[in-house]
Amino acid sequence: NAGVTQTPKFRILKIGQSMTLQCTQDMNHNYMYWYRQDPGMGLKLIYYSVGAGITDKGEVPNGYNVSRSTTEDFPLRLELAAPSQTSVYFCASRDHPWLASGTKGEQFFGPGTRLTVL
Amino acid sequence: TQLLEQSPQFLSIQEGENLTVYCNSSSVFSSLQWYRQEPGEGPVLLVTVVTGGEVKKLKRLTFQFGDARKDSSLHITAAQPGDTGLYLCARTPNTGNQFYFGTGTSLTVIP
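So, how was this worked out
- Residues numbered from 1 in each chain as written.
- Chains lettered and ligands numbered in written order.
- Predicted model: local features only at pLDDT ≥ 70, side-chain atom pairs only at ≥ 80, totals over all residues.
- Heavy atoms only, no water.
- Helix = DSSP H or I, 4+ residues; strand = E, 2+ residues; numbered from the N terminus.
- Rg over C-alpha atoms; globule rule 2.2 N^0.38 Å.
- Buried < 20%, exposed > 50% of the residue type's maximum accessible area, 1.4 Å probe, protein only.
- Contact = heavy atoms within 4.5 Å.
- Areas by Shrake-Rupley, 256 points an atom, 1.4 Å probe, with all protein chains shown as cover.
- Lys, Arg positive; Asp, Glu negative; His and termini not counted.
- Charge placed at Lys NZ, Arg CZ, Asp CG, Glu CD.
- Buried area = accessible area lost by both parts, 1.4 Å probe.
- Salt bridge = Lys/Arg side-chain N within 4 Å of Asp/Glu carboxyl O.
- Polar contact = N/O pair within 3.5 Å; in protein donor to acceptor, adjacent residues only side chain to side chain.
- Nonpolar A, V, L, I, M, F, W, Y, C, P; charged D, E, K, R; others polar.
- Pairing = 2+ DSSP bridges.
- Axes fitted to C-alpha atoms, helices over the stretch in contact; angles between N-to-C directions.

Draft legend 1. Region of interest: the overall build of chain A. Within chain A, the regular secondary structure consists of zero helices and eleven strands. Moving toward the C terminus, one meets the helices and strands of chain A in the order β-β-β-β-β-β-β-β-β-β-β. A compact globule built from 118 residues would reach a C-alpha radius of gyration of about 13 Å, and chain A, at 14 Å, matches this within 12%. Summarising its shape, the C-alpha atoms of chain A cover approximately 45 × 30 × 25 Å along the three principal directions. Counting over 118 residues, chain A shows a buried share of 44%. Within chain A, residue pairs in contact and separated by at least 24 positions form 57% of the contacts whose partners lie at least 6 positions apart. Approximately 5,600 Å² of chain A is accessible, and the part contributed by carbon and sulfur atoms is 52%. Across chain A, the mean location of the 11 positive side-chain charges is 8 Å away from that of the 9 negative side-chain charges.

Draft legend 2. Structural context of the interface of chain A and chain B. Counting residues at the interface gives 25 residues for chain A and 27 residues for chain B. Summing the contributions of chain A and of chain B, the shared interface buries around 1,900 Å²; its carbon and sulfur component is 56%. Taken together, the connections running from chain A to chain B amount to zero salt bridges. At the junction of chain A with chain B, the criterion picks out five residue pairs in polar contact (both at pLDDT 80 or more). Elements that contribute at least two residues to the side of chain A that touches chain B include exactly strand 4 (31-37), strand 5 (43-51) and strand 9 (87-94) of chain A. Across the side of chain A that touches chain B, the residue classes tally to 13 nonpolar, seven polar and five charged.

Draft legend 3. Focus on the environment of V109 of chain B. Residue and element names in this part refer to chain B. Inspection of the secondary structure assignment puts V109 in strand 11 (residues 105-110). Distance from V109 to Q80, taken between C-alpha atoms, is 6.1 Å for residues 29 residues apart in sequence. When residues no more than four places from it in sequence are discounted, the contact partners of V109 are I13, Q14, E15, A79, Q80, P81, D83 and T84.

Draft legend 4. Broad picture of the pairing of strand 4 of chain A. Residues and elements named next belong to chain A. Burial of strand 4 is extensive: seven of the seven residues sit out of reach of the surface. Of the two faces of strand 4, the one carrying Y31, Y33, Y35 and Q37 and the one carrying M32, W34 and R36 are both buried. Here strand 4 pairs with strand 9 via seven bridges, running antiparallel. By the bridge assignment, R36 is partnered in strand 9 with Y89. By the bridge criterion, six bridges tie strand 4 to strand 5 in an arrangement that is antiparallel. Following the sheet pairing, Y33 is matched in strand 5 by Y48. Count of turn residues in the strand 4/strand 5 antiparallel hairpin: five residues, of which G40 carries a positive phi of about 70°.

Draft legend 5. Structural detail: the sheet that holds strand 6 (residues 55-58) of chain B. All names here are of chain B. Taking strand neighbours across the sheet as the criterion, the five strands line up as 1-3-8-7-6 in an open arrangement whose pairing is antiparallel. Two strands lie at the open edges of the sheet, namely strand 1 (5-7) and strand 6, each paired on one side alone. Neighbour-to-neighbour, the strand axes of this sheet turn through a mean angle of 15°, independent of strand direction. In the sheet, strand 1 pairs with strand 3 (residues 19-24) via three bridges, with the strands oriented antiparallel. Looking across to strand 3, one finds that Q6 is bridged to C23.

Draft legend 6. Region of interest: the environment of L88 of chain B. Looking at the element boundaries, L88 of chain B is found in strand 9 (residues 85-92). For L88 of chain B, a relative accessible area of 0% puts it in the buried group. Considering only alpha carbons, one finds L88 of chain B and W34 of chain B, 54 residues apart in sequence, at a separation of 5.7 Å. Residues in contact with L88 of chain B, not counting those within four places in the same chain, are G42 and L43 of chain A together with Q6, Q33, W34, Y35, Q37, P43, F101, G102, T103 and G104 of chain B.

Purely spatial values, then, with no claim about function.
Below, the structure written as structure tokens:
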């Protein structure tokens, strides 16, 4: 299994440009998440999904959109990029209802996408 | 915003020393997780605690969940250079649908 993969690894955007960050998991997990991490800080939840066709906002959704047409893919769309969106973006997935017997509620994270908006 | 405060923000110690990092909130946690993140990588789960007063051990790491479920601590015994990383706590409601991370403690263990 490749786990959670993210593309691209690095990207530089100009203000006002748009892009899609790709996230794919091959573990058949229902739950998927997008986070951003600013330098020296923790992660902030942008959007999450509990299954194909279902998405919901997290702490910091403004300026982003998501879709979940398949179990495997959870792309994050940035429209009209702004310098404030310069960050490292992590996608994660997990399986099982929360703390189902024998599980730890583990999120599996991708390697991240480093985005700079100039 | 459900704030989680972690302290200290930075910690640099010699190999073999012991250390404790803290995660605090003004509100009750349903569940709390601890992660370690190495540079250039995503976080990796260390432990999940759900019961007030709970203590879990993972080799040289000891995790404690406060009785009132508003705080947690991570104690490392005889730190090693491989323990270097960013330690993050995260809270989640009973559904486990959303996770709120603390600001992290950056630990450096000097050989």
